[in-house]
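Close look at the chain arrangement
Chain residues, written in single-letter form:
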Amino acid sequence: MAAPCGRGAAPLVLVALSAAFLTYNALISTRSALLPLPSTAASFPGATASRRLGAAGAARRRAFHTAVTASGSVYNTWQCRVMYHWFKEARRARGGAEMGGFTRILHSGRPDEFVDEIPTFVADPLPEGIDQGDTLFSIGRGHLFSGSKRPTYRNSKYILMAEPDHIIVKPIPNLSRDGRAAAFPFFYIEPKKYENVLRKFFPEYEGPITKIDPIGNSPVIIEKESLARIAPTWMNISIAMKKDPEADKAFGWVLEMYAYAVASALHGVGSILRKDFMIQPPWDLEVGDAFIIHYTYGCDYDMKGKLTYGKIGEWRFDKRSFENKPPPRNLPLPPNGVPQSVVTLVKMVNEATANIPNWDSYAAD
């Protein structure tokens with residue numbers, strides 16, 4: 001049985017701290033400051049100059065810094081470019097006053113050609129061998145947010161951990177309250193179902209298994225000081241789970257999500273569960289009041305608008321179709337009958353690529 005993480009796991013702590021402290025300084029770098037926004041009128045609904053006219057004081061005190069971890073692959077990079085486009089549009093729109101700076105944490109260990117387009121901190125990858133060859137685990141987000149030196153998160157006391165495949169549909173306010181993080185509840189994070197496995201990392205003396213929220217690390221808005229406490233433990237638990245055959249088999253590609261949920265519970269940081277934080281087409285049919293579209297699933301339909309999930313459709317949008325080459329501009333819109341969420345997703349990808357400079361030559365390479 002693995003030793004309970006967060007208590008007496010000194011070797012793992014040293015790995016996490018020594019490997020990651022440079023990365024954790026990402027958000028105090030000069031690239032993490034607010035960038036000048038385009039002077040052209042935003043196409044985002046409700047675009048306004050409200051950031052300059054009003055929302056100082058309280059909004060600044062509640063401002064959060066958006067951090068996105070990225071690998072630097074073609075697949076990851078085009079998503080980051082689209083995501084950052086919509087981040088800027090949301091930040092400049094009415095209601096975007098609490099959206100502060102932005103940092104892409106690039107964990108490839110080397111800069112790319114987009115460091116001047118997207119505020120970027122180049123982080124070191126995980127030490128060789130720790131990920132055990134698992135490319136999903138090797139993202140090592142706990143590693144990327146750990147460190148012995150706390151960042152200032154310029155003008156921000158809070159952090160939004162987001163993903164490259166998030167499209168911001170409308171301005172996001174600071175949804176966290178009273179020391180509690182705001183997080184999206186995932187139906188497939190089931191602490192009760194895996195209680196026997198999780199007790200290796202969350203012993204009974206820590207309390208009932210229900211203290212572990214059904215969350216991952218993203219999307220999450222959290223106080224930066226809470227994240228500073230959670231991150232090393234998150235890293236340690238990720239490593240311990242990966243080394244534990246039972247946990248590795250049980251959690252698979254969501255291992256780090258479970259590790260984050262456990263680390264949060266160990267540090268007493270509860271979550272306000274916000275189902276409206278994001279939607280996930282094609283299963284969510286309407287955008288509704290959501291703040292984010294997460295396009296993790298493929299969207300396959302026949303020409304009558306019927307979902308053909310599990311079978312390549314006559315019409316499809318799947319980010320995995322563009323693993324080695326970015327999508328072209330003007331992707332075909334779905335046929336009639338396809339849910340509004342999917343239509344909105346494709347329209348927003350198209351609008352982003354239409355406005356990002358040199359996308360045609362970028363996608364043609």
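A brief structural summary. (Residues numbered from 1 in each chain as written. Predicted model: local features only at pLDDT ≥ 70, side-chain atom pairs only at ≥ 80, totals over all residues. Heavy atoms only, no water.)

Walk down a regular strand and you will see the side chains alternate between the two sheet faces. In terms of burial, strand β1 (residues 64–70) is largely enclosed, as seven of its seven residues are buried. The two faces of β1 match: Phe64, Thr66, Val68 and Ala70 on one face and His65, Ala67 and Thr69 on the other face are all buried. Relative to strand β2 (residues 99–106), β1 runs parallel, the two being bridged by six bridges. Looking across to β2, one finds that Thr66 is bridged to Phe102. Handedness of the crossover is the feature at issue here: the chain leaves β1, passes through helix α4 (residues 74–92), returns alongside β2, and the resulting connection is right-handed. Taken together, the five bridges between β1 and strand β4 (residues 158–162) define a ladder with parallel strand orientation. Along β4, the bridge assignment pairs Thr66 with Leu160. (Buried < 20%, exposed > 50% of the residue type's maximum accessible area, 1.4 Å probe, protein only. Helix = DSSP H or I, 4+ residues; strand = E, 2+ residues; numbered from the N terminus. Pairing = 2+ DSSP bridges. Right-handed = clockwise from strand over helix to strand, strands pointing away.)

On to the nonpolar core, then. In this structure, Ile172, Ile221, Ile222, Met241, Tyr260, Val262 and Phe277 are the most contacted members of the largest nonpolar core, which totals 66 residues. At 10 residues, the largest contribution of residues to this core is made by helix α9 (residues 255–266). Core analysis: the next-biggest nonpolar cluster, separate from the first, contains 29 residues, Ile279, Trp315, Met348 and Val349 among them. (Core = buried A, V, L, I, M, F, W, Y, C linked by side-chain atoms within 4.5 Å.)

Read from one edge of the open sheet, seven strands run β3-β2-β1-β4-β7-β6-β8, paired in mixed fashion. Two strands close off the open sheet at either side, each with one partner strand: β3 (120–122) and β8 (271–273). Pairs of neighbouring strands in the sheet enclose a mean axial angle of 25°, with direction left out of account. (Axes fitted to C-alpha atoms, helices over the stretch in contact; angles between N-to-C directions.)

Inspection of every chain in the model, using the stated rule, returns 20 aromatic pairs. On the numbers, 6.3 Å between centres and 25° between planes, the contact of Trp78 with Tyr295 is stacked. Taken together, the residues Trp78 in helix α4 and Tyr295 in the loop between β10 (292–294) and β11 (299–301) connect sequence positions 217 residues apart. The burial state of Trp78 is the same as that of Tyr295; both residues are buried. One aromatic cluster is present, formed by Phe184, Phe186, Phe187, Tyr188 and Trp253 through successive ring pairs. In this structure, Arg62 is placed above the aromatic ring of Tyr158, and the distance from its NZ or CZ to the ring centre is 5.2 Å. (Phe/Tyr/Trp six-rings, centres within 6.5 Å; stacked < 30°, edge-to-face > 60°. Lys NZ or Arg CZ within 6 Å of the ring centre and 35° of its normal.)

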